[in-house]
Amino acid sequence: MNYLNINDKKLVPVVTEMNVLLADYTIYYQKLRSFHWNVLGRNFFDLHVKFEELYTDARIKIDEIAERILTLRYHPVSNLSKYLKMANIEEESPFIEDKEMVVCLLSDHKKLLEQMKITLDKADEAGDEGSVDMLGAYIGELEKASWMLDAFIKDSSDQLKKVNLERVS
Ligand SMILES: [Fe+2]
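Bear in mind that the values here come from a model prediction, so they are computed numbers and not experimental data.

A.B. asks: Is there a simple way to think about the overall build of the protein chain in this case?
C.D. replies: Across its full length, the protein chain holds five helices and zero strands. The helix and strand sequence of the protein chain, counted from the amino end, reads α-α-α-α-α. Expressed along its principal axes, the backbone C-alpha trace of the protein chain runs to roughly 60 × 60 × 20 Å. Sequence separation of at least 24 residues holds for 80% of the intrachain contacts in the protein chain that already meet a minimum separation of 6.

Below, the structure is given as structure tokens:
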């Protein structure tokens, strides 16, 4: 029974893009586990914990994305070999320095945000409010996580942009 008030054909581009997002998140998740295990140096305690926090969040989102695809009455892609072919995100060596790990994750976040926006646009075109709502929340959360990683790699003397508060009368 079709319990959705959405035409199945309109959902094909949504599900296609959402499967790419699922593949991206899976590669990103495994990378975070690798970085959690292999990070070395004076930032070990901070990054070991932060990477665990990020992969725990990613694990939840992977399940939610797959179950959203099922809610839309399609099968989610579930093979690792297929994820590697589909994903925008690539694997990374575990033997890179701590700051390089953070830079790599920031680059992955950019790709995840891009894929989320593509998927959200398709969902919007299909009138799929449930997916729009889920992805909109994900975007805000990932942007916040990106701010924190970006702050980590900055020097304490760095400055963010300032808004000019002087009003022209
Ligand atoms: Fe652990």
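A.B. asks: Before we go on, may I ask you to explain the environment of I96 in this structure?
C.D. replies: In this fold, I96 is placed in the loop between helix 3 (80-86) and helix 4 (98-126). By relative accessible area, which is 18% here, I96 ends up buried. Spatially, the C-alpha atoms of I96 and V39 are 8.2 Å apart, while their sequence positions differ by 57 residues. Look past the residues within four positions of I96 in its chain and what remains in contact with it is F35 and M101.

A.B. asks: Quick question: what am I supposed to make of the packing of aromatic side chains here?
C.D. replies: The description of two aromatic rings rests on the distance between their centres and on the angle between their planes. Counting across every chain of the model gives four aromatic pairs. Summarising the aromatic geometry, the rings of F35 and F51 are spaced 6.0 Å apart at their centres and angled 50 degrees between planes, so their arrangement reads as tilted. In this pair, F35 sits in helix 1 (residues 8-38) while F51 sits in helix 2 (residues 44-71), placing the two residues 16 residues apart along the sequence. Here F35 falls in the buried class, since its relative accessible area comes to 0%. Ring geometry for F44 versus F45: centroids 5.4 Å apart, planes at 80 degrees, classification edge-to-face. The ring of Y138 has K61 lying over it, and the distance from NZ or CZ to the ring centre is 5.0 Å.

A.B. asks: Sorry, what's going on with the nonpolar core here?
C.D. replies: Across soluble globular proteins, nonpolar side chains have a tendency to be buried as a group. In this structure, Y25, Y28, F51, I65, M116 and L135 are the most contacted members of the largest nonpolar core, which totals 50 residues. Looking at this core, the elements that each hand over two or more residues are helix 1, helix 2, helix 4 and helix 5 (129-153). Looking at this core element by element, the count peaks at 13 residues for helix 1. Ignoring any residue separated from it by four or fewer positions in sequence, one finds Y25 in contact with A58, K61, I62, I65, L112, M116 and L142.

Cut-offs and rules
Residues numbered from 1 in each chain as written. Predicted model: local features only at pLDDT ≥ 70, side-chain atom pairs only at ≥ 80, totals over all residues. Heavy atoms only, no water. Helix = DSSP H or I, 4+ residues; strand = E, 2+ residues; numbered from the N terminus. Contact = heavy atoms within 4.5 Å. Buried < 20%, exposed > 50% of the residue type's maximum accessible area, 1.4 Å probe, protein only. Phe/Tyr/Trp six-rings, centres within 6.5 Å; stacked < 30°, edge-to-face > 60°. Lys NZ or Arg CZ within 6 Å of the ring centre and 35° of its normal. Core = buried A, V, L, I, M, F, W, Y, C linked by side-chain atoms within 4.5 Å.

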